[in-house]
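Summary of structural features
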Protein chains: 2
Amino acid sequence: MKRKKIVTIGGGTGSFTLLSGLKKYQYDLTAIVTMADDGGSTGKLRDELGVLPPGDIRQCLVALSDSSEELRELMNYRFESGGLEGHNFGNLFLSALEKINGSFSGGIIEAIKILNVNGSVVPVSEDSMRLVIKLNDGRLLSGEKELDENTQIHEIGIHEVRLASRVRANKRAVKAIDEADFIVIGPGDHYGSIVPNLLVSGIKKAIKKTKAKIVFVAPLTNKKGHTEGFTVLDYVKNIETLIGSGRIDFVVYNSKKPHRDMITKYEKQEGKKSLVLCKYANDKKYRIVEGDLLRKEKIVTAKGDKLAHTRAFIRHDSDKLARAITLITEYSEYRSFNIL
Amino acid sequence: MKRKKIVTIGGGTGSFTLLSGLKKYQYDLTAIVTMADDGGSTGKLRDELGVLPPGDIRQCLVALSDSSEELRELMNYRFESGGLEGHNFGNLFLSALEKINGSFSGGIIEAIKILNVNGSVVPVSEDSMRLVIKLNDGRLLSGEKELDENTQIHEIGIHEVRLASRVRANKRAVKAIDEADFIVIGPGDHYGSIVPNLLVSGIKKAIKKTKAKIVFVAPLTNKKGHTEGFTVLDYVKNIETLIGSGRIDFVVYNSKKPHRDMITKYEKQEGKKSLVLCKYANDKKYRIVEGDLLRKEKIVTAKGDKLAHTRAFIRHDSDKLARAITLITEYSEYRSFNIL
């Protein structure tokens, strides 16, 4: 039987979670990954070595890797002290491979061999991408890292995110979208991981044209000043301003409430309505999968990852997420699924 | 047929060359490697991360690796700019594995799996080793890197090299020496790579006790202030002050003259008699293998290795060296071999 072709679009932890789940099924997987990251270890490498941002690519490679647990742990290892502090080993690995091969894509092809990756991992563009963030007061911020670091965003709010200059879509990404059976957008940080991919005009065009079914996976939580108070429908509408109204076929979202303590913690950080609201099932335009998509276990992070304990802990469960997607790919004739 | 057990003792490029040649034969190989390096990328990692020195180990792992050429090239890749400048990727790889595994030896075991290494690579000690260099005027220098960097050595000369404090021999190294059929000491930088191994008293003892035949491979060139004007016999005697008089069974040395231009270049740098003299064949105490052991081709270095062009270019050829050793292991009943 021909394997169904799934293309995921995103970056970071969201794609890692989704791909970790999907790889257990017999899909032909291609991960299209944002290249807009310019903070942290990745940002330093971009600045100092002139490489393309390795961080999001690394997470997708590790998710799809069939190599040993040790090698995968190594790829996520973060140095804790000295001149290497904060650098992620896997990022250094990809940067060195880019240098040796003379191109980022050549480096990824090597990495795919070394890490025994089952699937394709494709940067959305091979040009250097920079985000410009327009705030509600008209001010412009430059660089993706501002999204995380600039606290003015919390008060003023984001009006729009765009690219500093036009970049060419990666031809392999366009081809994958063209040939896909299903395209899964998300989950992931809205302006940091999802939108940058859809700002690349060649990608937008390809999504408008493809015969693939398009699935959107809504995030679990909103971010203060970014998507404050968003409902699932708000996310869908926002994405459709980029890829065309009515273009999304399926919407997947979590309808299980996290533990109260967790909600309190998030509300302190991200404001009231920090959970993405699910007033959604009534909209008849989209076919939906709703249910418990929450990760239960405490999140195990790579050793030496100091940032880990400061990170969000409401996360998707990769197996539940993959089951939700599989429901769609196997039973796409059904209108909606409630798997709670 | 039982494979013959060969233990090599050394570090750096010398061990890399020897092992690269020997691995093409059916030997059971164990590389015992100095842990005294504290310069360059390795020195920085020792200081900043508190790890054991990875550089010499890395070279032996790469030499014995059966993985792809690309992965081996990656391990030797040196970053050229920014905060990572001068760091060798393979060194970062070993340091990260040491951190993740909680011990250097545990890290090496992982590395052996990942790099598909055929043989054992064993640090001479798992304690932190520091060299003390006593000059001829009685002054003391601290640290192996002084051997390369302190130009006073050129004028004053080295009286003796010792360890700053007693370190314990690695039990696995002692066991390998104990069970070996042949032990090959060298080639390598005399005070930088060879002597430090033999200063570890547990290693000395093991070499005195073992039934293995002991082979010494003389270096090709002398170093100013280190071993200025040494003949092959001077090296042998110097080694035997450490492991016991008459302990060496076979001496392997090059008797082919390099190109005149090369000699001129070396004499400018290392003084007259910069080549190791071969007035040696007459000494009846040792069985000898002499011949052309020189590498002919231009040395291909890892991309991005800025130091490469400043390095010595009179080098052993790994295949010729391995053939010389094989002559000994296969025909050890012969008294001497002239393979010129």
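Here the structure is shown first, and the text comes after it.
The structure contained in this document is the topic of the report that follows. (Residues numbered from 1 in each chain as written. Chains lettered and ligands numbered in written order. Predicted model: local features only at pLDDT ≥ 70, side-chain atom pairs only at ≥ 80, totals over all residues. Heavy atoms only, no water.)

Observations regarding the overall build of chain A
Assigned secondary structure in chain A consists of 14 helices and eleven strands. For 340 residues, the compact-globule formula gives about 20 Å, and the C-alpha radius of gyration of chain A, at 19 Å, lands near that figure. Counting only C-alpha atoms and orienting by the principal axes, one finds that chain A spans roughly 55 × 50 × 40 Å. Across chain A, every contact between residues at least 6 apart in sequence was considered, and the portion connecting residues at least 24 apart equals 73%. Approximately 14,600 Å² of chain A is accessible, and the part contributed by carbon and sulfur atoms is 48%. (Helix = DSSP H or I, 4+ residues; strand = E, 2+ residues; numbered from the N terminus. Rg over C-alpha atoms; globule rule 2.2 N^0.38 Å. Contact = heavy atoms within 4.5 Å. Areas by Shrake-Rupley, 256 points an atom, 1.4 Å probe, with all protein chains shown as cover.)

With respect to the pairing of strand β8 (residues 213–217) of chain B
Residues and elements named next belong to chain B. Counted residue by residue, β8 has four buried out of five residues, so it is predominantly covered. Judged from the four bridges that link them, strand β7 (residues 182–185) and β8 form a sheet pairing that is parallel. Looking at β8, one finds that Ile-185 is bridged to Phe-216. Bridge count for β8 against strand β9 (residues 250–254) is three bridges, and the pairing is parallel. Each bridged residue has a counterpart across the sheet, and for Val-215 the counterpart in β9 is Phe-250. Assessed by its sense of winding, the connection that carries the chain from β8 through helix α12 (residues 232–243) to β9 is right-handed. (Buried < 20%, exposed > 50% of the residue type's maximum accessible area, 1.4 Å probe, protein only. Pairing = 2+ DSSP bridges. Right-handed = clockwise from strand over helix to strand, strands pointing away.)

Here we look at the relation of the copies chain A and chain B
Of the transformation superimposing chain A on chain B, the axial component is 0.0 Å and the angular component is 180°, with the fit at an RMSD of 0.0 Å. Classification of the inter-copy transformation places it as that of a two-fold axis. The position closest to the rotation axis in chain A is occupied by the C-alpha of Gly-83 of chain A, lying 3.2 Å away. (Least-squares fit on C-alpha atoms with pLDDT ≥ 70 in both.)

Some details on helix α5 (residues 89–101) of chain B
The end-to-end C-alpha separation of α5 of chain B is 18 Å, in line with the 18 Å expected for 13 residues at 1.5 Å each. Burial within α5 of chain B is extensive, with eleven of its 13 residues counted as buried. Buried within α5 of chain B are the following residues: Phe-89, Gly-90, Asn-91, Leu-92, Phe-93, Leu-94, Ser-95, Ala-96, Leu-97, Glu-98 and Ile-100 of chain B. Looking at the buried positions of α5 of chain B, the neighbouring elements they touch are α4 (69–76) and α5 (89–101) of chain A together with α2 (40–49), α3 (55–64), α4 (69–76) and α6 (104–114) of chain B. The opening residue of α5 of chain B, the one whose side-chain oxygen lies 2.9 Å from the backbone nitrogen of Gly-90 of chain B, is Asn-88 of chain B. (Expected span 1.5 Å × (residues − 1). Polar contact = N/O pair within 3.5 Å; in protein donor to acceptor, adjacent residues only side chain to side chain.)

Describing the sheet that holds strand β1 (residues 5–10) of chain B
All names here are of chain B. The strand order across the open sheet built from eight strands is β3-β2-β1-β7-β8-β9-β10-β11, with neighbouring strands paired in parallel fashion. The strands lining the two open edges of the sheet, one partner per strand, are β3 (120–123) and β11 (336–338). Averaged over neighbouring strand pairs, the angle between their axes works out to 15° when direction is ignored. Judged from the six bridges that link them, β1 and strand β2 (residues 28–33) form a sheet pairing that is parallel. Residue Ile-9 lies in a different strand from β2, and its bridge partner there is Ile-32. (Axes fitted to C-alpha atoms, helices over the stretch in contact; angles between N-to-C directions.)

With respect to helix α11 (residues 201–209) of chain B
The set of residues buried in α11 of chain B consists of Ser-201, Ile-203, Ala-206 and Ile-207 of chain B. Lining the buried residues of α11 of chain B we find β1, α9 (171–179), α10 (190–198), β8 and α12 of chain B.

Here's the deal with the interface of chain A and chain B
Of the residues lining the interface, 25 residues belong to chain A; the matching set on chain B comes to 25 residues. Overall, the association of chain A and chain B removes approximately 2,300 Å² of surface from exposure, summing both partners, and the carbon and sulfur fraction of that is 74%. Counting the surface chain A buries against chain B, the share from its top three residues, Leu-74, Leu-84 and Ile-100 of chain A, is 23%. Where chain A meets chain B, there are zero salt bridges. When residues in the side of chain A that touches chain B are grouped by element, the largest group, eight residues, is from α5 of chain A. (Buried area = accessible area lost by both parts, 1.4 Å probe. Salt bridge = Lys/Arg side-chain N within 4 Å of Asp/Glu carboxyl O.)

Brief notes about unusual backbone geometry
Residues and elements named next belong to chain A. Cis geometry is adopted by the peptide bond preceding Pro-187, which originates at Gly-186 and carries an omega value of 0°. Tracing the backbone shows Pro-187 in the loop between β7 (182–185) and α10 (190–198). Phi at Asn-116 takes a positive value of approximately 55°, unusual for a residue other than glycine.

A look at the environment of Lys-23 of chain B
Residue and element names in this part refer to chain B. Among the structural elements, Lys-23 can be located in the loop between α1 (12–22) and β2. Under the relative-accessibility criterion, Lys-23 is labelled partly exposed at 25%. Separated by 96 residues in sequence, Lys-23 and Gly-119 have C-alpha atoms that sit 8.4 Å apart.

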